Amino acid sequence: MDKYLAPALTYIPQYFDYQMRASTQPGLALAITYKGKPVLERAYGFANAVTGAELTPRHRFRVASHSKTFTSAGIMKLSEAGRLKLDDRAGEYVAGLHKDIARVTIAQLLSHSAGIIRDGSDSGQWSDRRPFLDDGELRSELSVEPVLGNSERFKYSNHGYGLVGLIIEAITGQSYVKWIRENVVGPAGLTETTPDMPLPRGATLAAGHSTRMPLGRRVAIPGRNLTNALAPATGFVSTAADLARFYAQIDPAAKKSFLSAESRREMVRRQWRDPHSTFERYYGLGTMSGTTGGWDHAGHSGGFQGFVTRSGAMLGHDLAISVLTNAGDGWSGFWYESLINILATFARNGAPSARARNWAGRWWSLWGAIDLVPMGEKVLAASPGLFNPFMDVSEIALTGRDTGRIALANGFASHGEKVRRVRNASGRVSELWLSGNRMLSEARIVTEMQKRY
């Protein structure tokens, strides 16, 4: 294991403990793999906030559009076997399509550039107002003229991935669920993943949760819907650990994978840029990609009623992560990037020296908490309340056992000023002074605030 990784894995649970305490999120499950093997797995909060059931790492989540990476991987398996080509037309395999949809290629479907309607003329399945479309209903929707011409722009479509599922069924002669389980889920070594409901006996699904508004409280959402013909787009159910294992195998540099390196390179290649987004993001074949903290990553997000999820591989870094939340306003996307920023910062600065290591800890004032996070020969004053705790972080250069100097800070902070630790009669550090700001343990700041206010 790279030396920076162990201290990063120590800090990550502390950071997320703070984030979960500070947020109103019901539950969070996260996992990290290194070289395909699990190195961190945690669960926080509730599997069901209404009943108070505690969330565990073994609870499964509706991971929705993660399904698209599995479906794309299935197509690549068929391509490797010579059973299709990515530039084959959809109409070669599925009858009854609108003539313009019949002309779209499999690659255009996988890259969301086929111009097909996103969720149909009645998308009530996403609000639990109607069941997900069955085979006949999907085929009927696909007989209608597409919204855009093919390869006109990136335009996300769940119906397009439903059509990919019909293509897989036409080629294999099996149901999508059965074939993808036997040819992708199984070969990837996943034991807690199913392509759709119902779950196998003994498996437990975390409840989804609504947003707090407009009721002023969250309600639990069962999330047990069958997704029927849209399973290739949104049906999958999994755990953070399994998803991290899966996306580790999508990295073209992975030493072990159920797919060829050529297939993986094609999946993560940035084929389309999102043309209207605050974030610089791209789409390949069943993968979303971007760059965070200087690290390129590829994976997918997912949104199901009451669930918001995000997973991916850190390309070239032997790491994969998964962050699953069970709320309609879940912070998985932000926390996914939090994880990347934490890992990248540790990688950039290195494991702490023996001298710096014992400065680690959380300190409090009226203004909240800071985390002293040693890296290399210095100590970073991180902000655990931020989605990137190291954004514009102040750096402390140590000058003695209990003294230091703020060697780098933004212009509004205390650049150049002194830092010191105060020890009590027993020799333990009891106070931290960052310039003139006296910081205490959580228990002591609670007592101080209760007395004062």
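Preceding this paragraph is the structure being described.
The following refers to the structure shown. These numbers were taken from a predicted model, which means no experiment stands behind them.

Basis of the calculations
- Residues numbered from 1 in each chain as written.
- Predicted model: local features only at pLDDT ≥ 70, side-chain atom pairs only at ≥ 80, totals over all residues.
- Heavy atoms only, no water.
- Helix = DSSP H or I, 4+ residues; strand = E, 2+ residues; numbered from the N terminus.
- Buried < 20%, exposed > 50% of the residue type's maximum accessible area, 1.4 Å probe, protein only.
- Lys, Arg positive; Asp, Glu negative; His and termini not counted.
- Salt bridge = Lys/Arg side-chain N within 4 Å of Asp/Glu carboxyl O.
- Polar contact = N/O pair within 3.5 Å; in protein donor to acceptor, adjacent residues only side chain to side chain.
- Contact = heavy atoms within 4.5 Å.
- Core = buried A, V, L, I, M, F, W, Y, C linked by side-chain atoms within 4.5 Å.
- Phe/Tyr/Trp six-rings, centres within 6.5 Å; stacked < 30°, edge-to-face > 60°.
- Pairing = 2+ DSSP bridges.
- Axes fitted to C-alpha atoms, helices over the stretch in contact; angles between N-to-C directions.

On to the side chain of Asp88. Considering the arrangement of structural elements, one finds Asp88 in the loop between helix H2 (66–80) and helix H3 (99–102). Salt bridges are absent for the buried Asp88, whose nearest opposite-charge side chain, Lys85, sits at 5.6 Å. Separated by 2.8 Å, the side chain of Asp88 and the backbone nitrogen of Lys85 make a polar contact. Among the polar contacts listed, one links the side chain of Asp88 to the side chain of Tyr93, at a separation of 2.6 Å. Setting aside chain neighbours within four positions, we find Asp88 in contact with Tyr93, Val104, Thr105 and Ile106.

The subject of this paragraph is the nonpolar core. Membership of the largest hydrophobic core comes to 70 residues, with the highest contact counts inside it found for Leu109, Leu163 and Phe246. No other element matches the 7 residues that helix H6 (residues 158–172) contributes to this core. Among residues more than four places away in sequence, those in contact with Leu109 are Ala90, Val104, Ala114, Ile116, Gly160, Tyr161, Leu163, Val164 and Ile167. Within the second largest apolar cluster, 34 residues are counted, among which are Tyr34, Tyr336, Leu343 and Leu380.

Summed over the entire model, instances satisfying the criterion amount to 20 aromatic pairs. On the numbers, 4.2 Å between centres and 15° between planes, the contact of Phe70 with Phe236 is stacked. In this pair, Phe70 sits in helix H2 while Phe236 sits in strand E7 (residues 236–238), placing the two residues 166 residues apart along the sequence. Aromatic pair Phe346 and Phe390: ring centres 6.3 Å apart, planes at 80°, arrangement edge-to-face. In this pair, Phe346 sits in helix H11 (residues 332–349) while Phe390 sits in the loop between strand E16 (378–382) and strand E17 (394–398), placing the two residues 44 residues apart along the sequence. Each member of the pair, Phe346 as well as Phe390, carries the same accessibility label: buried.

Before going further, it helps to spend a moment on the sheet that holds strand E21 (residues 437–439). Reading across the sheet, the 8 strands line up as E14-E15-E16-E17-E18-E19-E20-E21 and stay open at both edges, with antiparallel pairing between neighbours. Edge positions in the sheet fall to strand E14 (361–365) and E21, since each has one partner strand and no second. Between one strand axis and the next, the sheet turns by 25° as a mean value, whatever way the strands run. Here 5 bridges tie E14 to strand E15 (residues 368–375), and the two strands are oriented antiparallel to one another. Pairing of Trp364 across the sheet is with Ala369, part of E15.

Inspection of the sheet shows E17 paired to strand E18 (residues 403–408) by 4 bridges, in the antiparallel sense. Note that in E18 the partner of Leu398 across the bridge is Gly404. The hairpin turn running from E17 into E18, its antiparallel successor, is 4 residues long. The sheet contact formed by E18 and strand E19 (residues 418–423) spans 3 bridges and is antiparallel. Counterpart to Gly404 in the pairing with E19 is Val419.

Bringing the pattern of salt bridges into the picture now. As a working rule, side chains carrying opposite charge can pair if their charged atoms are close by. In the structure shown here, the tally under the stated rule is 23 salt bridges. Taking the shortest distance from any N to any O, the salt bridge between Lys99 and Asp100 comes out at 3.3 Å. Given the relative accessible area of 59%, Lys99 is considered exposed. Judged by relative accessible area, Asp100 falls into the partly exposed class, the value being 29%.

In the segment running from Met197 into Pro198, the intervening peptide bond is cis, with an omega of 0°. Inspection of the secondary structure assignment puts Pro198 in the loop between helix H7 (176–185) and strand E5 (208–209). Note the cis peptide between Met213 and Pro214, where omega equals 10°. Structurally, the position occupied by Pro214 is in the loop between E5 and strand E6 (220–221). Phi is positive for Lys35, close to 55°, though the residue is something other than glycine. For Asp128, which is not glycine, the phi dihedral falls at a positive 60°. Counting through the fold element by element, Asp128 comes out in the loop between helix H4 (106–110) and helix H5 (135–141).

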